[in-house]
Amino acid sequence: MNQRPIGVFDSGLGGLTAVRQLRRLMPSENIIYFGDTARVPYGNRSRDTLLKYARQDMGFLRGFDLKAVVIACGTVSTNCLEDLQAESSIPVIGVVEPAVRRAAEISSARRVGLAATRASVSSGAYERAFRRLDPALEVYPLACPLLVPLVEEGRCRPGDAVIETVAAEYLLPLREREIDTLVLGCTHYPLLTDVIGALMGPSVALVDVGAEAARACRDLLSCRDELAQRPAGSVSCYTSDRAVNFQRLAATFLGEDAAVPIQQIDITKY
Ligand code: DGL
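As the structure is a prediction and not an experimental result, all values here were calculated from the model.

Colleague: Quick rundown of the side chain of S77? Include the residues and the values.
Modeller: Inspection of the secondary structure assignment puts S77 in helix α3 (residues 74–86). Polar side-chain contacts of S77 include one of 3.2 Å to the backbone oxygen of I71. A distance of 3.2 Å separates the side chain of S77 from the backbone nitrogen of V95, its partner in a polar contact. Residues in contact with S77, not counting those within four places in the same chain, are I71, G94, V95 and V96.

Colleague: Quick one: what's the story with the site of the ligand, residue by residue and with numbers?
Modeller: The ligand sits among 14 residues. The nearest are D10, S11, Y42, G43 and T75. Between D10 and the ligand, the recorded distance is 2.7 Å, taken from a side-chain N or O atom to a nitrogen atom. Contacts to the ligand include S11, whose side-chain N or O atom sits 2.6 Å from an oxygen atom. Starting from 290 Å² of accessible surface for the ligand in isolation, the protein chains cover 99%. With respect to the detected pockets, the ligand is housed in the second largest pocket. Here the residues of the shell around the ligand are counted per class, giving six nonpolar, seven polar and one charged.

Colleague: I'd like a rundown of the sheet that holds strand β4 (residues 92–93), residues and numbers included.
Modeller: Taken together, the six strands give an open sheet; going across it, the order is β4-β3-β1-β2-β9-β10, and neighbouring strands pair in parallel fashion. The two strands at the open ends of the sheet, each matched to only one other strand, are β4 and β10 (262–264). Across five bridges, strand β1 (residues 6–10) lies against strand β2 (residues 31–35) in parallel orientation. Across the sheet, residue V8 finds its bridge partner in β2, namely Y33. Against the sheet, helix α11 (residues 243–254) contacts β2, β9 (235–239) and β10, and its axis sits at roughly 150° relative to β10.

Colleague: Please set out unusual backbone geometry residue by residue, giving values where relevant.
Modeller: Along the chain, V40 connects to P41 via a cis peptide bond; the corresponding omega equals 5°. If you check the backbone angles, D65 has positive phi at about 50° while not being a glycine. By secondary structure assignment, the location of D65 is in the loop between α2 (47–62) and β3 (68–71). Classification of D65 by relative accessible area gives partly exposed; the value is 47%. Of note, R110 is a non-glycine position whose phi angle comes to about 60°, a positive value.

What counts, and at which threshold
- Residues numbered from 1 in each chain as written.
- Predicted model: local features only at pLDDT ≥ 70, side-chain atom pairs only at ≥ 80, totals over all residues.
- Heavy atoms only, no water.
- Helix = DSSP H or I, 4+ residues; strand = E, 2+ residues; numbered from the N terminus.
- Polar contact = N/O pair within 3.5 Å; in protein donor to acceptor, adjacent residues only side chain to side chain.
- Contact = heavy atoms within 4.5 Å.
- Near = heavy atom within 4 Å.
- Areas by Shrake-Rupley, 256 points an atom, 1.4 Å probe, with all protein chains shown as cover.
- 1 Å grid on protein atoms, 1.4 Å probe; cavity = no way out; pocket = protein on both sides within 12 Å on 5 of 7 lines; lining within 4 Å.
- Sits in = over half its atoms within 2 Å of the grid points.
- Nonpolar A, V, L, I, M, F, W, Y, C, P; charged D, E, K, R; others polar.
- Pairing = 2+ DSSP bridges.
- Axes fitted to C-alpha atoms, helices over the stretch in contact; angles between N-to-C directions.
- Buried < 20%, exposed > 50% of the residue type's maximum accessible area, 1.4 Å probe, protein only.

In short, the description is geometric, and any link to function would need to be established separately.
Here it is in structure tokens:
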């Protein structure tokens, strides 16, 4: 048993979709969440900038005596995971490997699509991970930069003409590739499951990378006998921009009604 908290960070609010999955799988865990709302989006930035930001995010979380860190951000996971793991004394879990394992497990056609940010796609991290696991598997990566701002505007429900038009335009090439599995490689995309699911059709399975990272975290802690034991765990949120903006959307991403404590910090000090 280990009662220390799990740290989770993301470029902004989107990572709360991973927290939602962590809470579902491990309701006894205490979670410290940092969302870099002052510097979101990360998805179009260079690797150098991403590494600088990610090191500061880890530096802030280091102050909480954590037992593990989950990088909920697809963009940081694809660009900086190895560096952050090498610099950390506790386990650091990214979203790529767990999602790739899951997609390879369920794809019978061996044709998998990847929807993610520009920086994630250009890193080539998913292709490398798929190749390590199964070189015969074909991967079709696709950058969808407009989806994140639309989700942040709350445009994520079926029937919303704007998100449906943009998603249909983006996903058309993947539909033509006849994939049977689509990795939703970005924190915000789980909120588009209904929209994307309807566009891709029932023959395409969707992989939620936050859910897979949460499962990997649970398996790791269980294997190390480090799961917490308490009646109910808590979530404490920290942001780098005004907490009121965070509060507005947090409930949607987290899927919980109860308000979570949110505090603003200066991330440039770390
Ligand atoms: N958190 C980012 C990711 O999962 C999406 C938002 C951004 O571009 O910062 O890749």
